[in-house]
Each structure stands twice: as C-alpha cells, then as structure tokens.
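Structural description and commentary
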Amino acid sequence: MDMFMRSDGRTYYDPKRLPIPHADEAQRLFANVVMGVSDMPLPRMWYLPGMSKSLMVNTGDAESNYGTQLDPCFDDCAAYGGFYTAYLREIGITNSTVAQEAAWRAAGHETGVHMWAGGAEGAGAEAAIDAALGAITGMLESKFGHGTRTARNHTIDWTGWVKTAALEASHGIGMDMNYYHYINVGSPLEKWGYFTGSGLPQRFVDESGNVLPIYQATTQWPDEWFADKGMSVQQTVDIITGMFEAAEENGFYSAFVNNIHQVRYN
C-alpha cells in the first residue's frame, strides 16, 4: 500500500487504519495551523465542484465490448444524473462508430484508452508501454478526433516508480486510474478505505521530487474484486455507502473511483 518505506521496514501508512485518509488529514492539520497563526485572512481552495463533500467517478474497462454493448452503463449512469467514462481497447475503437461515440460525448460521457503492452515487465517494458500507448492513443484520435484525458491500463501494465505515468503524460493523458484496490489478505469486509492515505487526486512526483503534469486517482471500487471475493450485492452496496457516509460525516472529502466492466455489468 505504501511505497515510502524506511530501512527498518516501517511505513508512513498504517494498514490498520485504512478507513482514515492519513495524508489528507495531515495536510488539513497543517493548513489549519497556518491559518491559526496568521493575523490576516488567507484564501483556501475547495476540493470538489460546488459545495460537494464527495463524488463518484464512474469508469469502466470496455475490454472486448464496443458500440451498443456499452450503452447500458452510459444510459443507467445518466438516469441518475451522472456521467461515465469507457476505456476502449482497439476492438472498441474499431467497432464503435463515429456517430455512436459522438452521441456518448454529447451526453457528457467520455471515452479513453485501455492500453495493453502484453504485461511487459523488466528490461524493455518502458519501450513496450510507450509504443502501446502511442499506438492506441493515435488510433483513438484518428477515429474520433480527440485524445484521451484519463486512462487505465489492461492488467494494470506499469513499469518504474512513475515511469508509466510520465509516458502517459507524454501522450496527452492528464489522469491515471491504475492504482487499484485488490487486497488479498484478511477479511474483504474489513479491508476497505484509503489505501494511499488520500481520497483526492494527487499529482505524481518522480524519484527526484519533480512534480509531473499528470494526476493519480485511485480506484477504490473495482467490480472484479467484489465479485472475486464472493461479496453479495448488499455487502458491496454497504461498503460503498459506508465510505460515502464517512466522507460526508467526518470531513473525509473524497473523489471515489469505481471500475464497472461492461461485460460484467451487462
């Protein structure tokens, strides 16, 4: 969960306190201290649109689905006044018409890319991921006339500390959804929360401390984890609503991301 580890094995983040956004609370404490010692009013920025304390970012990996197979997620999300982003593989770009994709976007939805570099790791992975990103982002732009603002990779393909994020930024991607809740230890009903210490999108920082022009938004609610762990619909709903309620009641202001695979949804 925490890549910042001391030489003795201690980490900044305590996995026993997943339900608390440690990093956000520390940041807010620091901001309140600064406000408290200042003898002049200081401006503060609010995190979310309007006065919202939380929101849900609806996304889905389209995998082998395309065209009208994607409509149920778009339409049902819209029925609740929301929007949905579908990450398309090559088959989704090829087999969805320009008119269909334009209609989704006209309704406020998004399409992006679901890159796959064959699960490349180690030597050659950087070049493979860069080539795969270039190919699929170019394919999306050539077909539909726009780039991809956000993305999630198939099999969560990644290399380096933030090398993949830097590559994504070089291909015009502004937000990465790859950091994914999939914990294999303990009771699944007790392993939910803020696994980076934050409920808000944060900019990537490389090993030298340089801030990259791309954000990370963690995917807290992947449908496959719920399903793979044998959770019922009610257990799933309880986890999601519980995190929303905590965000609202405790001031854990958050932008929660889900991943709804169309093939599972349909």
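1. Regarding the overall build of the chain
A count of helical and extended segments in the chain gives nine helices and nine strands. Compactness check: the chain gives a C-alpha radius of gyration of 19 Å against a globular reference of 18 Å for 266 residues, within 12% of the reference. Considering only C-alpha atoms, the chain reaches an extent of 60 × 45 × 45 Å along its principal axes. Buried positions account for 41% of the 266 residues belonging to the chain.

2. Here we look at a nonpolar patch on the surface
Taken together, Phe30, Val34, Met35 and Leu42 make up a surface patch of nonpolar side chains, about 340 Å² in accessible area. Within the element layout of this structure, Phe30 appears in helix α1 (residues 22-37).

3. Examining the packing of aromatic side chains
Tallying each qualifying case throughout the model produces 15 aromatic pairs. Relative to Tyr47, the ring of Trp46 has its centre 5.5 Å away and its plane inclined at 55°; by these criteria the two rings are tilted. On the basis of relative accessible area, Trp46 is assigned to the partly exposed category, the value being 35%. A relative accessible area of 29% places Tyr47 in the partly exposed class. Taken together, Tyr194, Trp221, Phe244, Phe252 and Phe256 form an aromatic cluster joined through their ring pairs. Just above the ring of Tyr215 sits the side chain of Arg203; from NZ or CZ to the centre is 5.6 Å.

4. Structural notes on the packing of helix α5 (residues 125-144) against helix α6 (residues 163-170)
Closest axis-to-axis distance for the α5/α6 pair is 10 Å, and the angle between their directions is 30°. It follows that α5 is roughly parallel to α6 by the angle criterion. As α5 runs across α6, the sense of the crossing is right-handed. Contacts between α5 and α6 involve Glu126, Ile129, Asp130 and Leu133 from the first element and Lys163, Thr164, Leu167 and Glu168 from the second. The residue inventory of the contact of α5 with α6, partitioned by class, reads three nonpolar, one polar and four charged.

5. Observations regarding the pattern of salt bridges
For the coordinates displayed, the defined rule picks out nine salt bridges. Taking the shortest distance from any N to any O, the salt bridge between Arg28 and Glu25 comes out at 3.0 Å. A residue pair is termed a helical-turn pair when its members lie 3 or 4 positions apart in one helix, as Arg28 and Glu25 do in helix α1 at three residues. The class of Arg28 is buried, set by a relative accessible area of 10%. You can call Glu25 partly exposed: its relative accessible area is 30%. Across the pair Glu110 and Arg149 runs a salt bridge, and its minimum N-O distance is 2.6 Å. On the criterion of sequence distance, the pair formed by Glu110 in strand β3 (residues 110-113) and Arg149 in the loop between α5 and β4 (150-151) is long-range, its members being 39 residues apart. A cluster of three or more residues bridged by salt bridges with shared partners is formed by Glu63, Arg89 and Glu90.

6. Re α5
Under the 1.5 Å per step criterion, the end-to-end length of α5 is 28 Å for 20 residues, consistent within 8% with the ideal 28 Å. Taken residue by residue, α5 has Ala125, Ile129, Ala132, Leu133, Ile136, Thr137, Leu140 and Phe144 as its buried positions. The buried side chains of α5 occupy one side of the element, clustering within an arc of 115° when seen end-on. Pointing more than 90 degrees away from the buried face of α5 are the exposed residues Ala127 and Ser142. At its buried positions, α5 is contacted by β2 (85-88), α3 (90-95), α4 (98-106), β3 and α6.

Analysis parameters
- Residue indices follow the written sequence of each chain, beginning from 1 at its first position.
- Per-residue local features of the predicted model are confined to residues with pLDDT of at least 70, and side-chain atom pairs are confined, for both listing and counting, to 80 or more; whole-chain, interface and lining totals are unaffected and use all residues.
- The basis for the side-chain values is all heavy atoms of the structure; hydrogens and waters are excluded.
- Strands are runs of DSSP state E lasting at least 2 residues, helices are runs of H or I lasting at least 4, and numbering of each runs from the N terminus.
- We compute the radius of gyration over the C-alpha atoms and compare it with the globule rule, which gives 2.2 Å times the number of residues raised to the power 0.38.
- The rule is simple: take the accessible area with a 1.4 Å probe, protein chains only, and divide by the maximum for that residue type; under 20% is buried, over 50% is exposed, in between is partly exposed.
- A patch is a set of surface residues, each over 30% in relative accessible area and not in a salt bridge, joined within 9 Å for like charges and within 5 Å for the nonpolar side chains Val, Leu, Ile, Met, Phe, Trp and Tyr.
- Per-residue and other accessible areas were derived by the Shrake-Rupley procedure at a 1.4 Å probe size, with only the shown protein chains allowed to occlude residues.
- Each salt bridge in this description consists of a side-chain nitrogen of Lys or Arg and a carboxyl oxygen of Asp or Glu lying within 4 Å of one another.
- A pair of aromatic rings is counted whenever rings of Phe, Tyr or Trp (Trp by its six-membered ring) have centres within 6.5 Å, and the orientation is called stacked for planes under 30 degrees apart, edge-to-face for over 60 and tilted otherwise.
- The rule for a charge over a ring is simple: NZ of Lys or CZ of Arg within 6 Å of the ring centre, and within 35 degrees of the ring normal.
- Axis lines are fitted through C-alpha atoms, for helices just across the contact stretch, and the angle between N-to-C directions can take any value from 0 to 180 degrees.
- Oblique is the label for any angle not under 35 degrees, not over 145, and not in the 65 to 115 range, which are roughly parallel, roughly antiparallel and roughly perpendicular in turn.
- Left-handed describes a crossing whose near helix is turned anticlockwise from the far helix through less than a right angle; right-handed describes the clockwise counterpart.
- Residue contacts are defined here by distance: any two heavy atoms, one from each residue, within 4.5 Å place the two residues in contact.
- Note on residue classes: Ala, Val, Leu, Ile, Met, Phe, Trp, Tyr, Cys and Pro are nonpolar, Asp, Glu, Lys and Arg are charged, and everything else, Gly too, is polar.
- Helix span, expected: 1.5 Å multiplied by one less than the number of residues in the helix.
- The directions considered for the arc run from the helix axis to the C-beta atoms.

Bear in mind that shape data such as this cannot, by itself, settle questions of function.
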